[in-house]
Amino acid sequence: MTPGTVLLEAQHVTQRFRLPNGQNLEALRDVSLAVREQEVVALVGPSGCGKSTLLRLFAGLARPVEGKVLYRGQSLDGVLGAAAMVFQSFALLPWLTVAENVAMGLEARGVYGPARRDAVARAINLVGLDGFEQAYPKELSGGMKQRVGFARALAVAPEILLMDEPFGALDPLTAENLRSQVVDLWRDPATGVNTLVIVTHSVEEAVFLAGRIVVFGSNPGHVREEMTNPLPYPRQERSPEFEEMVDRLHAILTATLLPEPAPAAPQRLVPFPRVHVSEVTGLLDHLLTRPDGKGPVFELAEDLGVDYDRMSAVVRAAEQLGWVTTPGEIVQLTAAGREVMAMDDAARKDVTRARLAKQPLFARLVAMLKEGEGAVEDEEVLADLTIYFPFIPAESLFATLVEWGRYAELVDHDADAGRLMLLGWEGAAEARVE
Amino acid sequence: MKPLRLPSARPGLADVAILCLLGGVIATVVAFAREFEAPFAQAVRIDLRPAALPRYTLYSLSRGVLALVISYLFALGFGWAAAKSRAAERLLLPLLDILQSIPVLGFLPGLVLGLMSLFPTRNVGLELAAILMIFTAQAWNLALSFYNSLKALPPQLRDACKVAGWPPGRTFRQLEVPAAAQGLVWNGMLSMAGGWFFLMVNEAFRLGNRDYRLPGIGSYMSVALDQGNLRAAGLAITAMVVMIVCVDQLLWRPLVVWVEKFRLDESGDGGPAPSSWVLEFLRRARLPRGAAVFQRRAYRRARRAARPLERPFRAVGPIILRGPRFAFEHPVPRMVGVGLAIVAVAAAAALGAWRLWLLLAQLGWAEWAKLVSSAALTFARVMGAVILSTAWALPAGVVIGRSPRIARALQPVIQVVASFPAPMLFPLVILLFERISIGLGLGAVALMVLAGQWYILFNVISAVAAIPQQLKDATAAFRLPRWRRWRALYLPAAAPALVMGWVTAAGGAWNGSIVAEYIEAGGALRTTKGLGSLISEATADANFPLLAGGIALMSLIVVGWNRIVWRSLMEWARTRFGYAQ
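Reading guide: rules and limits
Residues numbered from 1 in each chain as written. Chains lettered and ligands numbered in written order. Predicted model: local features only at pLDDT ≥ 70, side-chain atom pairs only at ≥ 80, totals over all residues. Heavy atoms only, no water. Helix = DSSP H or I, 4+ residues; strand = E, 2+ residues; numbered from the N terminus. Rg over C-alpha atoms; globule rule 2.2 N^0.38 Å. Buried < 20%, exposed > 50% of the residue type's maximum accessible area, 1.4 Å probe, protein only. Contact = heavy atoms within 4.5 Å. Areas by Shrake-Rupley, 256 points an atom, 1.4 Å probe, with all protein chains shown as cover. Lys, Arg positive; Asp, Glu negative; His and termini not counted. Charge placed at Lys NZ, Arg CZ, Asp CG, Glu CD. Polar contact = N/O pair within 3.5 Å; in protein donor to acceptor, adjacent residues only side chain to side chain. Phe/Tyr/Trp six-rings, centres within 6.5 Å; stacked < 30°, edge-to-face > 60°. Lys NZ or Arg CZ within 6 Å of the ring centre and 35° of its normal. Buried area = accessible area lost by both parts, 1.4 Å probe. Salt bridge = Lys/Arg side-chain N within 4 Å of Asp/Glu carboxyl O. Expected span 1.5 Å × (residues − 1). Domains from an automatic or database assignment. Nonpolar A, V, L, I, M, F, W, Y, C, P; charged D, E, K, R; others polar. Pairing = 2+ DSSP bridges. Axes fitted to C-alpha atoms, helices over the stretch in contact; angles between N-to-C directions. Parallel < 35°, antiparallel > 145°, perpendicular 65-115°, else oblique. Left-handed = near helix turned anticlockwise from the far one by under 90°. 1 Å grid on protein atoms, 1.4 Å probe; cavity = no way out; pocket = protein on both sides within 12 Å on 5 of 7 lines; lining within 4 Å. Points joined across faces, edges and corners; volume = space filled by probe spheres on them. Patch = residues over 30% accessible without salt bridge, like charges linked within 9 Å, V, L, I, M, F, W, Y side chains within 5 Å.

Structural notes on the overall build of chain B
Right, so step 1: Regarding its fold elements, chain B presents 21 helices and four strands.
Right, so step 2: On C-alpha atoms alone, chain B measures out to a radius of gyration of 26 Å, which is about the 25 Å that the 2.2 N^0.38 rule sets for 581 residues.
Right, so step 3: If you line up chain B on its principal axes, its C-alpha atoms span 75 × 70 × 60 Å.
Right, so step 4: In chain B, which comprises 581 residues, the proportion classed as buried is 44%.
Right, so step 5: Within chain B, contacts between residues at least 6 apart in sequence are counted, and of these 79% link residues at least 24 apart.
Right, so step 6: Roughly 30,500 Å² of accessible area belongs to chain B as shown, and the carbon and sulfur atoms make up 68% of that amount.
Right, so step 7: Averaged over its 59 positive side-chain charges, chain B has a centre that lies 9 Å from the centre of its 28 negative ones.

Take a look at the structure:
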């Protein structure tokens, strides 16, 4: 199938939100992307990279702060009638039956009476839910619910089907089954759907479904790279071509998630990844069991049962502490990493403290604490974090700092008084008693 | 579209019951409408024979129900506006906070006089005043509940409705109201109970040298007490209890069971699903289903008839909407609109403040001194009432909440007892106190306990019942002694709810002071010094400056105390003892 005319287009789109704490979050910055007729486009990237935001802009559910979204060359005005949407959380109304949920979009498109009944019956038949017309959503399993979600979208015979992690809330078996059905639906001319845009978290899913895969980077969300996927449909997940495609996408994602540090960069303030102490030690433990103490990041994620952007955050933390290096997409345990795993708890804490004190963000925190005679108000630290990392929710970064600081016995936090204290500082004991 | 599951062919007992009920409702509505339209009589003669009591009860019930309907309409509008517009939110939420904590009873005289001048010859004015007074006790928590439901709605559901192309009206009917249904019904129950609180005062009160009285169970009670007819008073109390039980069984229980359908989260709370014999009975009936089919057919026919009009309307609609849309979306007209709204609100507020100032300016130093010293006395009583209520309701609540069995057995009883308007008992309690020679000065504290204790009990019960089983198991597994178990688990877990209970209980006690410090029983008037009695006295003497001063002072104390003490206490209890990590 050759891509035809441009259906949907985002031109230099920027989107911002105001968080409840007043922080301004830039979800997308200057993103341009065109979706053509007959295409299946997958949007992938770490969480918080704005891919779902872009999908909502395409659906006309939100307007960009800057830039334009066009449908067939026309600027979008309100919800796009040519599109239907499938949600990760299904978004079914619990008090309506399956048939009533599927019929939700028909009235607005002027479909009434017998025509409406037919459209509902056809859509329900397409997803294989015959017999469940009068059931309420709460009587259905997750997979069945998402079938209703698909039927609701298909009932309006949309030109474009927008899907926001449609299989994210399903168990792997159900997801696989529904995924191949989506390909069938797209290839079936009877459905009227000829263009798909899917936001996904899974590399295999993107390679299985999409003809073009767009990789997003975060902070703020932007398009990093595009990759075409010419494999013929239906795709065989065990074939070497498929595996190769998956590896290529892995490599691109690794470059996005674990960027090589710029060699001559001055000591820049980098955020500490928001991961727990136990996750980093868990990773090192796992690496110790592997030959040569190394492995590709995606394999590690799979073995440990976490998704890849979580895994890469853990790897970045371990890297900042000097316990692993990341040549390409390989994670390699360093000599320091082996050493620290051989230590007892107290020695491990000492080493962690020494390493953290050199990490630029912690170094800055310690400097702040010394300036404040060993204690600083939470508010002050939060304000500082907001200035340096406007795109990262300051509270969660703060919580990470406190957790690591406490573990390394570098700082302590008094939640009742709302302040941080430097340990081992002669003024600290006094501040505590106060 | 739905295949009809037909019930048994012949109309059964359930259908007969429905017809009877319908007949009863129609008869009540007609009788009540006639009473509405009746020529104005300042103080209707109340017939104290028992046979007249059912009619009076139905009159009072009609007022309560009508007020509830108005409250629901208000709540939908208010909650929607506050949830949709950020500007409205900023204005309306603090307003709601103040309205629900000030003693609304003080506005009764002004309301009556205003409405009476609108309808000088008919009963309408007085009736409307009574209904509006009930409304002021019912509306606020409903509005807050609807607002909170709208705010808590999952955004994906909203998106799904938008993608489906639903117009706002349909989203309101089929998404927003159903999603809020549970909260609206539960709060409706509370509101109905709250609405009865001032029943007696609303139906029979004195303003200056004039006596106003409406036929109803509250005025029946007050006349019975005036004449010292304890048998009639006992009958009125029985009728009130019967009415509360009937409303609970016939209206609220079925509604509570029915709205289960509109639950958003699918995880049941584990407890047994509530059941209602009335709803079971009705579901067996044929009539409602027939009516539903008839209604659907009629709707479809109307739809079909209107179809030819739809196309032109759809073509013209966007053109008509262009003006308003421009006004809403273009920054300049929007700013002008917002500016005008702000000016209007500010002008109204300024006018109100000016009027209040004119009234307050008439008060001299002596009167202010009296107001302040009375307020101090009442404040002490309110705090005493809160402490006394806590002393019994906290342990009782923990014991009840800990055991699902006890909770299940006692809940319906407590619910009825709590719905009973405490002020109806005040005169009887005071007569009792006089026997054992306790004066009103102390007795009023007991009355205020009656008015506020239930909030504490209910809050503690539900908080303790919600303690995760694993925490209870943990304290049992480590064999914590009983007192340690209370201190380590039950009391901290109940703390945030306890503070919530204190807020409402104190509010109830302040409100109660108006009727607790100034009581007519056995044909004699008893008063004790306090802000409540000062307000009641000012009403009776039609001393409007003093009334305004009293109300303003009480509002100031209640709102200020809420803002400064309760709020920080609540914040502390939540962060210190909440489960959320």
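Some words on the environment of Thr136 of chain B
Residue and element names in this part refer to chain B.
Right, so step 1: Mapping Thr136 onto the fold places it in helix α5 (residues 124–152).
Right, so step 2: For Thr136, a relative accessible area of 17% puts it in the buried group.
Right, so step 3: Along the backbone, Thr136 and Val259 are 123 residues apart, and their C-alpha atoms lie at a distance of 25 Å.
Right, so step 4: Here the side chain of Thr136 touches Met133 through a polar contact of 2.5 Å, landing on its backbone oxygen.

Thoughts on the packing of aromatic side chains
Right, so step 1: Applying the stated criterion to the full structure yields 23 aromatic pairs over all chains.
Right, so step 2: Relative to Phe167 of chain A, the ring of Phe150 of chain A lies with its centre 6.2 Å away and its plane at 25°, an arrangement referred to as stacked. One end of the pair, Phe150 of chain A, is in helix α4 (residues 142–155); the other, Phe167 of chain A, is in the loop between β7 (160–164) and α5 (172–187), with 17 residues separating them in the sequence.
Right, so step 3: Phe150 of chain A sits in the buried class, given a relative accessible area of 2%.
Right, so step 4: Among the aromatic residues, those joined into a ring-pair cluster are Phe379, Trp502, Trp510, Trp561 and Trp566 of chain B.
Right, so step 5: Directly above the ring of Phe208 of chain A sits Arg179 of chain A, whose terminal nitrogen or CZ lies 6.0 Å from the centroid.
Right, so step 6: For the cation-ring pair, Arg235 of chain A lies above Tyr233 of chain A, with the distance from its terminal atom to the ring centre recorded as 4.1 Å.

Looking at the environment of Phe458 of chain B
Right, so step 1: Within the secondary structure layout, Phe458 of chain B lies in helix α17 (residues 440–465).
Right, so step 2: Dropping the residues within four chain positions of it, Phe458 of chain B is found in contact with Ile414, Gln415 and Ala418 of chain B.

Digging into the interface of chain A and chain B
Right, so step 1: Each partner contributes to the interface: chain A provides 33 residues, whereas chain B provides 29 residues.
Right, so step 2: Here chain A and chain B share an interface that buries about 2,800 Å² over both sides, 58% of which is from carbon and sulfur atoms.
Right, so step 3: On the chain A side of the contact with chain B, Trp95, Met104 and Tyr112 of chain A bury the most area, a combined 25% of that side's loss.
Right, so step 4: There are two salt bridges connecting chain A and chain B.
Right, so step 5: The partner of Arg170 of chain B in a salt bridge is Glu107 of chain A, and the shortest N-O contact between them spans 3.7 Å.
Right, so step 6: Where chain A meets chain B, there are three residue pairs in polar contact (both at pLDDT 80 or more).
Right, so step 7: Of all elements in the fold, only β6 (83–86), α3 (113–126) and α4 of chain A reach the threshold of two or more residues within the side of chain A that touches chain B.

Some words on helix α13 (residues 360–371) of chain A
Because the α-helix completes a turn every 3.6 residues, residues three or four places apart line up on one side.
Residue and element names in this part refer to chain A.
Right, so step 1: Taking 1.5 Å of rise per residue, 12 residues should cover 16 Å, and α13 covers 16 Å from first to last C-alpha, within 8% of that figure.
Right, so step 2: Among the structural elements, α12 (345–358), β14 (375–377), α14 (378–388), α15 (394–407), β15 (411–414) and β16 (419–422) are those in contact with the buried residues of α13.
Right, so step 3: With a side-chain oxygen lying 2.8 Å from the backbone nitrogen of Leu361, the N-terminal cap of α13 falls on Gln359.
Right, so step 4: At the C-terminal side of α13, Glu373 shows a positive phi close to 55°.

Description of the domain arrangement of chain B
All names here are of chain B.
Right, so step 1: Considered domain by domain, chain B is made up of domain 1 (12–264) and domain 2 (363–581).
Right, so step 2: For domain 1 and domain 2, the distance between their C-alpha centroids amounts to 23 Å.
Right, so step 3: Taken together, the contacts link 34 residues of domain 1 with 36 residues of domain 2.
Right, so step 4: Between domain 1 and domain 2 the total buried area reaches about 2,900 Å² when both faces are included, carbon and sulfur atoms providing 74% of it.
Right, so step 5: When the area that domain 1 buries against domain 2 is broken down by residue, the three leading residues are Pro103, Phe197 and Leu225, summing to 21%.
Right, so step 6: The interface formed by domain 1 and domain 2 includes zero salt bridges.
Right, so step 7: Connecting domain 1 to domain 2 are zero residue pairs in polar contact (both at pLDDT 80 or more).
Right, so step 8: Elements that contribute at least two residues to the side of domain 1 that touches domain 2 include exactly α3 (86–99), α4 (108–118), α7 (168–195), α8 (199–203), β1 (204–207), α9 (217–226) and α10 (230–258).
Right, so step 9: In terms of residue count, the dominant contributor to the side of domain 1 that touches domain 2 is α10 (eight residues).
Right, so step 10: Partitioning the side of domain 1 that touches domain 2 into residue classes produces 26 nonpolar, four polar and four charged.

Let's talk about the pairing of strand β2 (residues 210–213) of chain B
All names here are of chain B.
Right, so step 1: When β1 meets β2, the two strands line up antiparallel, connected through four bridges. Paired with Ala204 across the strands is Arg213, a residue of β2.
Right, so step 2: The antiparallel pairing of β1 with β2 creates a hairpin that spans two residues between the two strands, and Gly208 there sits at a positive phi of about 65°.

Overview of the packing of helix α6 (residues 155–163) of chain B against α7 of chain B
Residue and element names in this part refer to chain B.
Right, so step 1: Orientation of α6 relative to α7, taken along the N-to-C sense of each, is 150°, at an axis distance of 11 Å. On the basis of the axis angle, α6 is roughly antiparallel to α7. For the crossing formed where α6 meets α7, the hand is right-handed. Here Leu157, Arg158 and Cys161 of α6 come into contact with α7, specifically with Thr171, Leu175 and Glu176.
Right, so step 2: The residue makeup of the contact of α6 with α7, split by class, is three nonpolar, one polar and two charged.

Structural notes on empty space enclosed by the protein
Right, so step 1: Considering all chains together, one arrives at five cavities of 30 Å³ or more under this definition.
Right, so step 2: The computed volume of the largest cavity comes to approximately 90 Å³.
Right, so step 3: Taken together, Ala83, Ala84, Met85, Phe87, Gly105, Arg109, Arg152, Ala153 and Val156 of chain A together with Ala160, Val163 and Ala164 of chain B make up the lining of the largest cavity.
Right, so step 4: At the level of secondary structure, the elements contributing two or more residues to the lining of the largest cavity comprise β6 and α4 of chain A together with α6 of chain B.
Right, so step 5: If you tally residues by element for the lining of the largest cavity, the top one is β6 of chain A, at three residues.
Right, so step 6: Class assignment of the residues belonging to the lining of the largest cavity gives a composition of nine nonpolar, one polar and two charged.

Describing the side chain of Gln15 of chain A
All names here are of chain A.
Right, so step 1: Mapped onto the secondary structure, Gln15 falls in strand β1 (residues 6–18).
Right, so step 2: Judged by relative accessible area, Gln15 falls into the buried class, the value being 5%.
Right, so step 3: Leaving out residues up to four positions away in the same chain, Gln15 has contacts with Leu25, Glu26, Ala27, Leu28, Thr53, Leu57, Ala62, Arg63, Pro64 and Val65.

Observations regarding the sheet that holds β6 of chain A
Residues and elements named next belong to chain A.
Right, so step 1: The sheet built from six strands is open, its strands ordered β6-β7-β8-β3-β9-β10 with mixed pairing. At either margin of the open sheet sits one strand with a lone partner, and together these are β6 and β10 (222–228). Sheet twist, expressed as the average angle between the axes of neighbouring strands with direction ignored, equals 20°.
Right, so step 2: Relative to strand β8 (residues 195–199), strand β3 (residues 40–44) runs parallel, the two sharing four bridges. Bridging across to β8, Ala42 finds its partner in Ile198.
Right, so step 3: Helix-sheet contacts for helix α7 (residues 240–257) involve β9 (212–217) and β10, and the interaxial angle to β10 is about 165°.

Looking at a nonpolar patch on the surface
Right, so step 1: Taken together, the side chains of Leu19, Leu22, Ile26, Val30 and Leu287 of chain B make up a nonpolar region of the molecular surface, amounting to roughly 440 Å² of accessible area.
Right, so step 2: Sort the elements by how many residues they give to the nonpolar patch and helix α1 (residues 13–37) of chain B lands first, with four residues.

Considerations on the sheet that holds β15 of chain A
The strands making up a sheet associate through hydrogen bonds between their backbones, and the pairing can be parallel or antiparallel.
All names here are of chain A.
Right, so step 1: Ordered by their spatial adjacency, three strands build an open sheet running β14-β16-β15, and the pairing between neighbours is antiparallel. Only two strands of the sheet have a single partner each, and these edge strands are β14 and β15. Mean inter-strand twist for the sheet, computed between neighbouring axes without regard to direction, equals 20°.
Right, so step 2: Two strands pair when backbone bridges link them, and β15 and β16 are joined in this way by four bridges, in the antiparallel orientation. Its bridge partner lying in β16, His413 is registered against Leu420.

As for unusual backbone geometry
All names here are of chain A.
Right, so step 1: Residue Pro234 is bonded to the preceding Tyr233 through a cis peptide linkage, with omega at -15°.
Right, so step 2: The residue Pro234 is located in the loop between β10 and α7 in this model.
Right, so step 3: Of note in the backbone geometry, Phe90 takes a positive phi value of approximately 70° without being a glycine.
Right, so step 4: Relative to the helices and strands, Phe90 is located in the loop between β6 and α2 (98–102).
Right, so step 5: Of note, Glu373 is a non-glycine position whose phi angle comes to about 55°, a positive value.
Right, so step 6: Summarising the element assignment, Glu373 is placed in the loop between α13 and β14.

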